[in-house]
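Residues per chain, in single letters:
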Amino acid sequence: FARLPQEDFGEGITLLDGKLYQLTWQSNKAYVYDLKTGKKLWSASNHGLRNRGASAAIHNGLLYLISNKAFFIMEARTGRIIVRKTLPYSVDVTSTPLLTDKEIIFGTAKEGLVALDNQTLEEKWKCPVGDALIYTSPYSRPVSGTIETTPVLAGKMIAVGASDGTIYGVDK
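Remember, it's a predicted structure, so these values are computed and weren't measured experimentally. (Residues numbered from 1 in each chain as written. Predicted model: local features only at pLDDT ≥ 70, side-chain atom pairs only at ≥ 80, totals over all residues. Heavy atoms only, no water.)

J.: In this structure, what is going on with the pairing of strand 2 (residues 19-24)? I would like to understand it.
T.: Two faces, one strand: in a regular strand the side chains alternate between the faces of the sheet. Most of strand 2 sits out of view: five of its six residues are buried. Here strand 2 runs beside strand 3 (residues 30-34); their pairing, made up of five bridges, is antiparallel. Bridge pairing in strand 3 links Y21 to V32. (Buried < 20%, exposed > 50% of the residue type's maximum accessible area, 1.4 Å probe, protein only. Helix = DSSP H or I, 4+ residues; strand = E, 2+ residues; numbered from the N terminus. Pairing = 2+ DSSP bridges.)

J.: In this structure, what is going on with the nonpolar core? I would like to understand it.
T.: Inside soluble globular proteins, nonpolar side chains tend to come together where they are buried. Among the nonpolar cores identified, the biggest contains 15 residues, and F71, Y89, I104, F106 and L116 are the most heavily contacted of them. Those elements giving two or more residues to this core turn out to be strand 6 (62-67), strand 7 (70-75), strand 10 (103-107) and strand 11 (113-117). Those residues in contact with I104 that sit more than four places away from it in its chain are Y64, F71, P97, L98, L99, V114, A115, L116, N118 and L121. By size, the runner-up hydrophobic cluster in this structure holds 14 residues, among which are L23, A44, A70 and F72. (Core = buried A, V, L, I, M, F, W, Y, C linked by side-chain atoms within 4.5 Å. Contact = heavy atoms within 4.5 Å.)

J.: Got a minute to help me understand the sheet that holds strand 8 (residues 81-86) in this structure?
T.: By way of backbone hydrogen bonds, the strands of a sheet pair with one another, either parallel or antiparallel. Taken in spatial order, the four strands make up an open sheet running 5-6-7-8, and their pairing is antiparallel. Every other strand in the sheet has two partners, leaving strand 5 (57-59) and strand 8 as the edge strands with one partner each. Pairwise comparison of adjacent strand axes, ignoring direction, gives a mean angle of 15° for this sheet. Across three bridges, the pairing between strand 5 and strand 6 is antiparallel. Paired with I58 across the bridge in strand 6 is L63. (Axes fitted to C-alpha atoms, helices over the stretch in contact; angles between N-to-C directions.)

J.: What's the story with the environment of E123 in this structure? I'm lost.
T.: Assignment of secondary structure puts E123 in strand 12 (residues 123-127). The sequence separation of E123 and I105 amounts to 18 residues, and the corresponding C-alpha distance is 9.8 Å. Discounting residues that sit within four places of it in the chain, E123 has contacts with Y89, V114, A115 and L116. A polar contact of 3.0 Å, which involves the side chain of E123, links it to the side chain of Y89. (Polar contact = N/O pair within 3.5 Å; in protein donor to acceptor, adjacent residues only side chain to side chain.)

J.: Hey, could you run me through the packing of aromatic side chains in this one?
T.: In this description, a pair of aromatic rings is defined by centroid distance and the angle of the planes. In this structure the tally under the stated criterion is four aromatic pairs. With centroids separated by 6.2 Å and ring planes inclined at 25°, the aromatic side chains of Y31 and Y33 adopt a geometry described as stacked. Residue classification places Y31 among the buried residues on the basis of a relative accessible area of 5%. A network of ring pairs unites the aromatic residues Y64, F71 and F106 as a single cluster. (Phe/Tyr/Trp six-rings, centres within 6.5 Å; stacked < 30°, edge-to-face > 60°.)

J.: Would you explain the sheet that holds strand 11 in this entry?
T.: Strand order in the open sheet formed by four strands is 9-10-11-12, with antiparallel pairing between adjacent strands. Single-partner strands in this sheet number two, and they are strand 9 (98-99) and strand 12. In this structure, strand 9 lies alongside strand 10, joined through two bridges in antiparallel fashion. Bridged to L98 within strand 10 is I105.

So, in structure tokens, the structure goes:
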């Protein structure tokens, strides 16, 4: 199909409209391939764009992703970065953002679950979690309220599993 350059370590992938979107871990790159031919359509390698295994969420032709200490919104068709918001905490985790009608919700390396307002991108709330049983998030050691999983919307509740061994439910 397609082969990444040897220096890249591929991680999370997302599929939309016959295109495969892939992020790399530490080489700060994103690639997009045609699903039928494997042809590379575009790549991006700027602004600290990298990931550790999470996939991008896609809505209305836009990619929403977290990477290192930043939140990104990109055009899915071209790879153009529309928004790069620096965050005050590490999001070097495998949590794919959950997009709701009013919020963008994702896990962090030390702050638990975080929600941004989907219009202003300002933080709306946090759900702290206990210390991780095992430290899976790189560069974090005790204390580490890590969420590596992707939150899901279940009716009016947001459910997420944390590294402290607990499944949390947050009323929306």
